[in-house]
Structure formats: structure tokens, C-alpha cells
Amino acid sequence: MKRVGLLTSGGDCQALNATMRGVVKGLSSNLTELEVYGFMNGYKGLIYGDYRLLTSRDFFFFFTKGGTILGSSRQPFKLMREPDEKGLDKVEAMKQNYYKLRLDCLVILGGNGTQKTANLLREEGLNIIHLPKTIDNDIYGTDMTFGFYSAVNIATDAIDCIHTTAASHNRVFIVEVMGHKVGWLTLYSGIAGGADIILIPEIPYDIKKVVEAIDKRTKAGKGFTVIAVAEGAISKEDAKLSKKDFKKKMEQRQYLSVAYELADEIRKHNGPEVRITVPGHTQRGGSPCPYDRVLSTRIGVTAAEMILNEEYGYMVAIVNGKMKKVPLGEVAGKLKTVSPKDPIIKEAKLLGISFGD
Ligand code: F6P
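Conventions adopted
- Residues numbered from 1 in each chain as written.
- Predicted model: local features only at pLDDT ≥ 70, side-chain atom pairs only at ≥ 80, totals over all residues.
- Heavy atoms only, no water.
- Axes fitted to C-alpha atoms, helices over the stretch in contact; angles between N-to-C directions.
- Helix = DSSP H or I, 4+ residues; strand = E, 2+ residues; numbered from the N terminus.
- Left-handed = near helix turned anticlockwise from the far one by under 90°.
- Contact = heavy atoms within 4.5 Å.
- Nonpolar A, V, L, I, M, F, W, Y, C, P; charged D, E, K, R; others polar.
- 1 Å grid on protein atoms, 1.4 Å probe; cavity = no way out; pocket = protein on both sides within 12 Å on 5 of 7 lines; lining within 4 Å.
- Points joined across faces, edges and corners; volume = space filled by probe spheres on them.
- Patch = residues over 30% accessible without salt bridge, like charges linked within 9 Å, V, L, I, M, F, W, Y side chains within 5 Å.
- Areas by Shrake-Rupley, 256 points an atom, 1.4 Å probe, with all protein chains shown as cover.
- Salt bridge = Lys/Arg side-chain N within 4 Å of Asp/Glu carboxyl O.
- Near = heavy atom within 4 Å.
- Sits in = over half its atoms within 2 Å of the grid points.
- Buried < 20%, exposed > 50% of the residue type's maximum accessible area, 1.4 Å probe, protein only.
- Phe/Tyr/Trp six-rings, centres within 6.5 Å; stacked < 30°, edge-to-face > 60°.
- Lys NZ or Arg CZ within 6 Å of the ring centre and 35° of its normal.

Asks: Is there a simple way to explain the packing of helix 6 (residues 184-192) against helix 13 (residues 343-350) in this structure?
Replies: Helix-helix packing: each pair is described by the crossing angle between the helix axes and the interaxial distance. Interhelical geometry of helix 6 versus helix 13 gives an angle of 35° and a closest axis separation of 12 Å. Note that helix 6 runs across helix 13; the crossing there is left-handed. In this structure, helix 6 uses Leu187, Tyr188 and Ile191 to contact helix 13, whose residues at the interface are Ile344, Ile345 and Ala348. Taken together, the residues of the contact of helix 6 with helix 13 sort by class into six nonpolar, no polar and no charged.

Shown next, in the form of C-alpha cells:
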């Protein structure tokens, strides 16, 4: 007999349902007695005891659907140790609900913030397995997170569509791709969509270099330019600011986002017509792509196997194509960023892509 809890927390992504299906099917195919409790809306459900019993039938229609049948919410890690409005100790409440249901373990699907709370619960003595989800692919210790390739497909489609209209009108087009802290999604969709300039948080840009790259294309007879910019891309100037000063500057920023600021700067420098496209949360929506369905199923089934073997305190990772158990304490709080020295950056530069550096 096993009693297992499941929850999805943080920003959603594609393949959350497919991952949970992998866990539940992997367990139900190998156990005669099983109870799976799904906590609603992320850690909120665990804190306030909002849950429902799940079977693999719950995922029958949802295997190929995005979102999460459990709902999700953002519960910042830094506030976890602070009592709620009514003075409730959240960590204690989560532990009590876990013990009340006599769970053997809790499987937590989420990104970096979620992972930190998962690790906190592990330190508090609960049996935890973390499954790495995010369209950002920024979780340290795994080559890939589920959701990433589905989002790459969507962002690439957006860049593809922009390409044809950019060429017809000889315009500069800026496509703003999700990713506040890391640029994997912008880098991959930018290369896949044939962007001419890719700007990511890890490589601060110089506006003069961006304008130079546009001018170079114009001189070569290419009247249009497609720029893929990550939400968190930052100029060289801003990168020199202290965290505090940068935060202050962002609070006072008159632009909706980096794409608008960049457009204004390009207009000032050489005046081509500039247009902006922000695919936004479409990147997190729709059905998981086949790669993510396979990856999430492998991750889910591996988690099921670990539960059968009573191996807890790990994140399930994929490294060099193989599933791997990574101790949560070794990875929680670490971010997997794009190294400017990554071979893919060198290859993109050889192709003529400018990073504005
Ligand atoms: O962490 C995933 C992510 O989609 C980021 O790429 C993006 O910056 C952020 O979430 C958006 O968060 P929210 O859905 O809370 O606006």
C-alpha cells in the first residue's frame, strides 16, 4: 500500500498532466493498493488541506493537454517561513496535512522557487521527489526540463510568422520571448526561427552593436532584421548597476518591457520602422510537443519507480539521455544559465547572429 501526494506549483507549462499521468500509471500498474492525493493550486492546497483523490483515469483526456488538472499558484519561497494573514505557520500546516493523510511521499512538480520549498520540506523530514518543469529550462542538474521544447516550438512559430511580414515591409521586428533570468528559450527559438540578432540576460548588449548589426544587414541589401529578445535582456550599462539601483531603475522605467525600450533606442539611432511582437503566455499554453510528452512520461515513471523503491529526497533529471536521481540538497537554489562560452553561442556567432556584445 502506498499513499502519494502530488502538486504542481509556480508558473505552469505544457506536460504537467503528462508527467503526473506517468507517476500515477507507473504506480497503479505495479501496486494493488494505492491512494494518490492531488493538492489543489500548488502549495496552497498543501497548506490549507485542499486535495482530491486521483486515479490514472483522471488523466485519460488530459495527457495531451497543457495546463494542470490540479491548478497552480505562485507561493514565494521567501514567504514560506512567514505566517499567513491569519497567523498560520505555513510550513507546520504543510507537514500536518502530509502526516494527517499518512503520505509515503510527496511528488512536487515545479521550477526553481518550487524546488527550494520542496527542499525545505525535505529538510523538515518529509519524503519528497521533485520533478523539473519550466519553459525556461533553467533548473540546475538536469539537461532538460519538460515544457521547454513545447515553448520553443511556439516561440519559433511566432518568429517564423514575423519573418515573412518583416521581409515584405523591410522593417525591424522585435520578438520578445519569455525568460527573465535566463536566455535558453530565446536562444533556441531565435536560432530555430532564423533571428538575426539574439539578446539574452547572460550576454548584456550594447545598443551601438545592435544598431551596427542592423546597418550591416541594410548595407548588404537585406532590408529587414528580426531580433529575438529575452524578457530579461539587459544593456551593458544596466548590467554595471548594483542590484538595488537596477531595481529602482526598473520601477521607474517608462516602457512596458525591454522590447519597447529597445525599439525606441533603435529608432533614435537609425530610424528604421520598428515593430514589436510579444507572444507572452501563449508560450506556456497549448499541447505539449511529442518530445515533452516522452520526456515527461519518462520523468513520471522514474518517479514512480523511486517511490516503489522508497528512494526520496531527489530531483528526477535527464543527463546525457539517461534518467538520473539528483540529491535535492545539491541543486536547490541553483540556476542553470547560458554560459557566454557555450559552444552554441560560438556556432550562432559563426552563422552571423549578433548578440549585441
Ligand atoms: O517561469 C516561467 C515563466 O513563464 C517565465 O519565463 C516568465 O518570465 C514568468 O514565468 C512569467 O510569470 P507569470 O506567469 O507569473 O507572469
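Asks: So what exactly am I meant to see when it comes to the layout of surface pockets here?
Replies: Rolled over the atoms, a probe with the dimensions of a water molecule shows which regions are left empty. Its volume calculated, the largest pocket comes out at about 1,100 Å³. Of the pockets and cavities examined, the second largest pocket occupies roughly 780 Å³. Lining the second largest pocket are 24 residues, with His180, Gly232, Ile234, Phe246 and Met250 positioned closest to its centre. Of all elements in the fold, only helix 8 (236-239), helix 9 (243-252) and helix 10 (258-270) reach the threshold of two or more residues within the lining of the second largest pocket. At five residues, the largest contribution of residues to the lining of the second largest pocket is made by helix 9. Counted by class, the lining of the second largest pocket contains 10 nonpolar, five polar and nine charged residues.

Asks: Any chance you could explain a nonpolar patch on the surface here in plain terms?
Replies: A grouping of Phe60, Phe61 and Phe62 is seen on the molecular surface, where their side chains present a nonpolar patch of about 390 Å² in accessible area. Along the polypeptide, phenylalanine 60 turns up in the loop between strand 3 (51-54) and helix 3 (90-100).

Asks: What am I meant to see in the site of the ligand here?
Replies: Around the ligand, the structure places Arg74, Ile135, Asp136, Met178, Gly179, His180, Glu231, His281 and Arg284. Burial of the ligand by the protein amounts to 72% of the accessible area it has alone, namely 400 Å². More than half of the atoms of the ligand fall within 2 Å of the grid points belonging to the largest pocket. For the shell around the ligand, a count of residues per class yields two nonpolar, three polar and four charged.

Asks: Explanation requested: the pattern of salt bridges in the structure shown.
Replies: Side chains that differ in sign of charge can pair as their charged atoms come close. Within this structure, the stated rule accounts for 14 salt bridges. For the salt bridge of lysine 95 with glutamate 124, the shortest nitrogen-to-oxygen distance reads 2.7 Å. Here the residue lysine 95 occupies a position in helix 3, and glutamate 124 occupies one in the loop between helix 4 (112-123) and strand 5 (128-132), the gap between them amounting to 29 residues. For lysine 95, a relative accessible area of 12% translates into the label buried. The partly exposed category is assigned to glutamate 124, whose relative accessible area is 25%.

Asks: Even after reading the chapter, I still don't get the packing of aromatic side chains, so can you show me in this structure?
Replies: Both the distance between ring centres and the angle between the ring planes are used here to describe each pair of aromatic rings. Here the structure, examined in full by the defined rule, presents nine aromatic pairs. An angle of 85° between the planes, with centres 5.6 Å apart, marks the rings of tyrosine 37 and tyrosine 51 as edge-to-face. With a gap of 14 residues between them, tyrosine 37 in strand 2 (residues 34-39) and tyrosine 51 in strand 3 connect regions that are remote in the sequence. You can call tyrosine 51 partly exposed: its relative accessible area is 31%. On the numbers, 5.3 Å between centres and 65° between planes, the contact of phenylalanine 148 with tyrosine 149 is edge-to-face. Residue classification places phenylalanine 148 among the buried positions, given a relative accessible area of 0%. Judged by its relative accessible area of 23%, tyrosine 149 is partly exposed. Lying over the aromatic face of tyrosine 314, lysine 325 brings its terminal NZ or CZ to 5.4 Å of the ring centre.

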